[in-house]
Amino acid sequence: MGVAVGMDALSERAAMMRESVQKSQTISDSIVSILGSFDHRLSALETAMRPTQIRTHSIRRAHENIDKTLKAAEVILAQFDLYRQAEGKVLRGPQEDLESYLESIDQLRSNIRFFSSNKSFKSNDGVVNHANNLLAKAISKLEEEFKQLLSSYSKPVEPDRLFDGLPNSLRPSSGSPGNQADSSIKALSNNHSEHQNSNLETAVYTPPTLIPPRVLPLLHDLAQQMVQAGHQQQLLKIYRETRSSVFEESLRKLGVEKLSKDDVQKMQWEVLEAKIGNWIHFMRIAVKLLFAGERKVCDQIFQGFDSLSDQCFAEVTASSVSVLLSFGEAIARSKRSPEKLFVLLDMYEIMRELHSEIETIFKGKACTEIRESALGLTKRLAQTAQETFGDFEEAVEKDATKTAVSDGTVHPLTSYVINYVKFLFDYQSTLKQLFQEFENEKETTSQLGSVTMRIMQALQTNLDGKSKQYKDPALTHLFLMNNIHYMVRSVRRSEAKDLLGDDWVQRHRRIVQQHANQYKRNAWAKILQCLTIQALTSSGGGSTVGTDGGNSSGVSRAMVKDRFKTFNMQFEELHQKQSQWTVPDTELRESLRLAVAEVLLPAYRNFIKRFGPLVESGKNPQKYIRFTAEDLERMLGEFFEGRTLNEAKR
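All values reported here derive from a predicted model rather than from experimental measurement. (Residues numbered from 1 in each chain as written. Predicted model: local features only at pLDDT ≥ 70, side-chain atom pairs only at ≥ 80, totals over all residues. Heavy atoms only, no water.)

## Quick notes on the overall build of the protein
Formally: Numbering of helices and strands runs from the N terminus, with a helix taken as a DSSP run of H or I at least four residues long and a strand as a DSSP run of E at least two residues long. A 1.4 Å probe rolled over the protein chains alone gives each residue an accessible area, and that area as a share of the maximum for its type sets the label: buried under 20%, exposed over 50%, partly exposed in between. Any pair of residues with heavy atoms lying within 4.5 Å of one another is described as a contacting pair. Here the open area of atoms and residues is found with the Shrake-Rupley method and a 1.4 Å probe, where only the protein chains shown may cover a residue.
A count of helices and strands for the protein gives 23 helices and zero strands. Buried positions account for 43% of the 650 residues belonging to the protein. By sequence separation, contacts in the protein at least 24 residues apart represent 81% of the contacts at least 6 residues apart. Carbon and sulfur atoms make up 51% of the accessible area of the protein, which amounts to about 35,300 Å² in all.

What follows is the structure, given as structure tokens:
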């Protein structure tokens, strides 16, 4: 019974649930129906609204297009306005306001770019063509303005302005005569020294202002516009023609001449030597002042266009460089001679000194030929100097001059060669650089020493040959003594001693002494034989004097008289002859007289003491004993004085 009640309750609940589900279904169907009705109405509304939406969108797009067109028109009108302003400035020309004129050219370029990029504008091509024509006129006027401005401020530099840029040590003295550059250049010291050259390498040079600084920015702006217009060649031509003539005139005023190899060959050495000295100064002034100043101008005017700057600089300076270097080439290729060695070394020095500056100033591909020409001249000068060095050594050894040195003094060749060698040592660093051109760097010092040694040996060989011209052997040795002593003394007092060494000095001092001894032997052996007691006592014969006369037995008066007569005659002959001979060195002259006196005077005093009484006891003793020892000493003091024949007789 309980189960039946539960089942009924469950059935009632199930029935209620079915009823609820049915109601929900009915409601859902009603909602779907309503929603379907809404969808249909919305679709109808959308269809009705579509034409209105299309019209609204079209109106909005039209407004947008109108705005864009108005804005584009404004831009175009603004460009036309700027174009008209630029046109007005271009037509007025650059004279009134160059800066504004340059701005107008920039504006024209901007207009051309604008209209070229806006192809939709119907009159675009016409506007662009007109603007291009106007721009061409503007650039043409710029060329004229650049030329006029550059010409106005391009003036030759007066020599005095250049001298003001030199270090004090190289400036001409204020008292130099005349106003010409040549006389001023000659007033510059041309003495060479290693110390002076080292100072010059660190000296300060001040290039002149070739174009006023305030003008350079304007020229730069003009050049920049011409380059942008593609007018590089016109710009290059204007700059070259204007500046090169001015540059050449500056050098001409300084004294630079255009000389050919034939001109150089025909010149007297004194004239040529002076011109070489001037050339060395011209090179210094040209490179350190004029070329440096021109490079500065080029770099400022053509800033931002390096290759064009190099090209302009090369073309402006090429002719002037050629004139300067061609003179150096003519000297380097001219006939070699010993006197040219020092000027060749001077020229080589200046080229070495200027090398780094030439490399810096003449930078870039356009200047390659100029740099190579300068380096080529440096090497050619080195080659010629070295060959001249070799020629000198050979010339010394083979010198065949018949210059008579009758008094046995120092031969002109000796003094010439020694002075030559001493001058060489003023060029030690230069010679080392020169040898480095051809030798290992470590060998340069030893090479200079060996060359000096060979020159000295060549001189000795030549002097040996010249000494054989003398008929008197005593004079032969006196000549060699004088000359080798001069060599030794000169070496000891110069830097040559460091290269030749103490051994060379000591060896040649011994040679001097050997020749002095040979001179004494040859000049005095015969007269000393007259005073030899042994020879007199052993000869015997004739009448003799007793012991009361104080003389040795067995010696005849006649024999003693004969000896005195012979001595007198020989001494007078020696005095007359050798007082004409010369020993130029005071110390050597005195030492040689003393060496003779130390041998002669004791022998004479001995002879007088022993055999004088034999003659004095007879008739006319003064006829035989004509000299006292003091007379001989006084007369020896007249030897080697280089007297004339008449002076010697007196």
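There is more to say after this.
## Focus on the packing of helix α20 (residues 557-578) against helix α22 (residues 629-636)
In a packed pair of helices, the relevant descriptors are the angle between the two axes and the axis-to-axis distance. Filter applied, for reference: Every axis corresponds to a line fitted to the C-alpha atoms, with the helix fit spanning only the stretch in contact, and the corresponding angles, defined between N-to-C directions, vary from 0 to 180 degrees. The scheme is simple: roughly parallel for angles under 35 degrees, roughly antiparallel for over 145, roughly perpendicular for 65 to 115, oblique for anything else. Note: crossing handedness is left-handed where the near helix turns anticlockwise from the far helix by less than a right angle, and right-handed where it turns clockwise. Gly counts as polar in this scheme, as do all residues outside two lists: the nonpolar Ala, Val, Leu, Ile, Met, Phe, Trp, Tyr, Cys and Pro, and the charged Asp, Glu, Lys and Arg.
Relative orientation of the contacting elements α20 and α22 amounts to 20°, with a least axis distance of 11 Å. Classified by the interaxial angle, the pair formed by α20 and α22 is roughly parallel. In the packing of α20 onto α22, the handedness of the crossing is left-handed. Taken together, the residues of α22 that come into contact with α20 (itself represented by F567, F571 and H575) are L632, M635 and L636. Of the residues assigned to the contact of α20 with α22, the class counts are five nonpolar, one polar and no charged.

## Notes on the packing of aromatic side chains
Our working definition: Only rings of Phe, Tyr and Trp enter the pairing, Trp through its six-membered ring, and a pair is recorded when the two centres are within 6.5 Å. The plane angle decides the type: under 30 degrees is stacked, over 60 is edge-to-face, the rest tilted.
Scanning all chains against the criterion turns up 23 aromatic pairs. Ring centres of F247 and F291 lie 5.1 Å apart, and the angle between their planes is 10°; on these two criteria the pair is classed as stacked. With F247 in helix α8 (residues 232-254) and F291 in helix α10 (residues 269-301), this residue pair connects regions lying 44 residues apart in the sequence. This pair shows no difference in class: F247 is buried, exactly as F291 is. A ring pair is formed by F607 and F611, whose centres lie 5.0 Å apart and whose planes are at 50°; its orientation type is tilted. On the criterion of helical spacing, the pair formed by F607 and F611 is a turn pair, its members being four residues apart in helix α21 (residues 586-616).

## Considerations on helix α15 (residues 428-436)
It helps to recall that an α-helix has 3.6 residues per turn; residues three or four apart then point in one direction. We count it as follows: Picture the helix axis, draw a direction to every C-beta atom, and the arc is the one those directions span.
Here α15 has its buried residues at Q428, T430, L431, L434 and F435. Seen end-on, α15 carries its buried residues on one side only, within an arc spanning 160°.

## Re the side chain of H477
Structurally, H477 can be placed in helix α17 (residues 473-492). Look past the residues within four positions of H477 in its chain and what remains in contact with it is H515, Q518, Y519 and N522.

## Some points on empty space enclosed by the protein
Inclusion rule: Cavities and pockets are defined on a 1 Å grid built over the protein atoms alone: a cavity is a set of grid points where a 1.4 Å probe fits but cannot escape, while a pocket is an open set with protein on both sides within 12 Å along at least five of seven lines, and lining residues are those with an atom within 4 Å of any such point. Grid points are joined across faces, edges and corners, and a volume is the space filled by probe spheres set on the points.
Taken as a whole and assessed by the stated rule, the structure comprises four cavities of 30 Å³ or more. One number sums up the size of the largest cavity: a volume of about 60 Å³. Where the lining of the largest cavity is concerned, the elements lending two or more residues are α10, α11 (306-333) and α13 (368-398). Roughly 40 Å³ of volume is contained in the second largest cavity. Along its surface, the second largest cavity is lined by K155, V157, L210, R243, V246, F247, S250 and L290. Per element, the largest residue contribution to the lining of the second largest cavity is four residues, and it comes from α8. Classifying every residue of the lining of the second largest cavity gives five nonpolar, one polar and two charged.

## Some thoughts on the pattern of salt bridges
Put simply, the test is: Between Lys or Arg on one side and Asp or Glu on the other, a salt bridge is scored when a side-chain nitrogen of the former is within 4 Å of a carboxyl oxygen of the latter.
Per the counting criterion, the structure on display carries 27 salt bridges. Note that R243 and E294 form a salt bridge whose closest N and O atoms lie 2.6 Å from each other. Here the residue R243 occupies a position in helix α8, and E294 occupies one in helix α10, the gap between them amounting to 51 residues. Of the residues examined, R243 reaches a relative accessible area of 3% and is grouped as buried. A residue is classified by how much of its surface remains accessible, and E294, at 0% relative accessible area, is buried. Taking the shortest distance from any N to any O, the salt bridge between R380 and E329 comes out at 2.5 Å. Highlighted residues: R380 in helix α13 and E329 in helix α11, separated in sequence by 51 residues. When its relative accessible area of 18% is taken as the criterion, E329 is described as buried. The structure contains a network of salt bridges with shared partners spanning R284, K288, E353 and E357.

## A look at a positive patch on the surface
Heads up, the condition is: Distance thresholds for patches are 9 Å for like charges and 5 Å for nonpolar side chains (Val, Leu, Ile, Met, Phe, Trp, Tyr), applied to residues having over 30% relative accessible area and no salt bridge. When charges are tallied, Lys and Arg are placed among the positive residues and Asp and Glu among the negative ones, while His and the ends of the chain are skipped. The atoms used to mark charge sites are NZ of Lys, CZ of Arg, CG of Asp and CD of Glu.
The grouping of K422, R492, R493 and R509 at the surface amounts to a positive patch. Relative to the helices and strands, K422 is located in helix α14 (residues 412-424). The class of K422 is partly exposed, set by a relative accessible area of 36%.

## Re a nonpolar patch on the surface
Side chains of L42, L45 and M49 sit close together on the surface and give an oily, nonpolar patch of about 300 Å² of accessible area. Here L42 lies in helix α1 (residues 2-92).

## Points about α22
Among the residues of α22, A629, L632, M635 and L636 are the ones counted as buried. Buried residues in α22, looked at end-on, bunch into an arc of 125°, giving them a common side. Check the buried side of α22 and you find it contacts α18 (496-530), α20 and α21.

## A look at the packing of helix α7 (residues 216-228) against α8
Between α7 and α8, the shortest axis-to-axis distance is 8 Å and the interhelical angle comes to 140°. Contact residues: α7 offers A223, M226 and V227, while α8 offers Q232, Q234, L235 and I238. For the contact of α7 with α8, the class distribution of residues is five nonpolar, two polar and no charged.

## Side note on the nonpolar core
The nonpolar side chains of soluble globular proteins are, as a tendency, buried together. To be explicit about the condition: Think of a nonpolar core as a cluster: buried Ala, Val, Leu, Ile, Met, Phe, Trp, Tyr and Cys residues, connected wherever their side-chain atoms sit within 4.5 Å.
If you look at the biggest cluster of nonpolar residues, it comprises 156 residues, and the most contacted ones within it are F146, W524 and F571. The element contributing the most residues to this core is α10, with 16 residues.

## Some words on unusual backbone geometry
Glycine aside, residues mostly have negative phi, and peptide bonds are mostly found in the trans state. The backbone of F640 shows a phi angle near 65°, a positive value even though the residue is not glycine. Tracing the sequence through the fold places F640 in the loop between α22 and α23 (645-649). Residue class for F640 comes out buried when judged on its relative accessible area of 2%.

## Focus: the confidence of the model for the protein
Applicable threshold: For every residue, the pLDDT score states the predictor's confidence, bounded by 0 at the bottom and 100 at the top.
Taken residue by residue, the protein gives an average pLDDT of 81. The fraction at 70 or more is 77%. A low-confidence stretch, residues 175-180 stays under pLDDT 50, and its non-local contacts, those more than four residues away or across chains, total five contacts. Low pLDDT, under 50, characterises residues 183-190; the stretch is placed with 24 contacts to residues that sit more than four places away or in other chains.

## Considering the environment of W504
With respect to the helices and strands, the residue W504 is situated in helix α18. Overall, W504 belongs to the buried group, its relative accessible area being 3%. Residues W504 and V491, 13 residues apart in the sequence, show an inter-C-alpha distance of 9.5 Å. Once you skip the residues sitting within four places of it in the chain, W504 turns out to touch M453, M456, M487, V488 and V491.

## Focus on the state of the cysteines
In plain terms, the rule: Cysteine sulfur pairs qualify as disulfides if the two atoms are within 2.5 Å.
Evaluation of the coordinates by the stated rule reveals zero disulfides. C298 carries a free sulfur, and the closest cysteine sulfur to it, the one in C312, is 5.8 Å from it. Owing to a relative accessible area of 0%, C298 belongs among the buried residues under this scheme. By relative accessible area, C312 is classed as buried at 1%.

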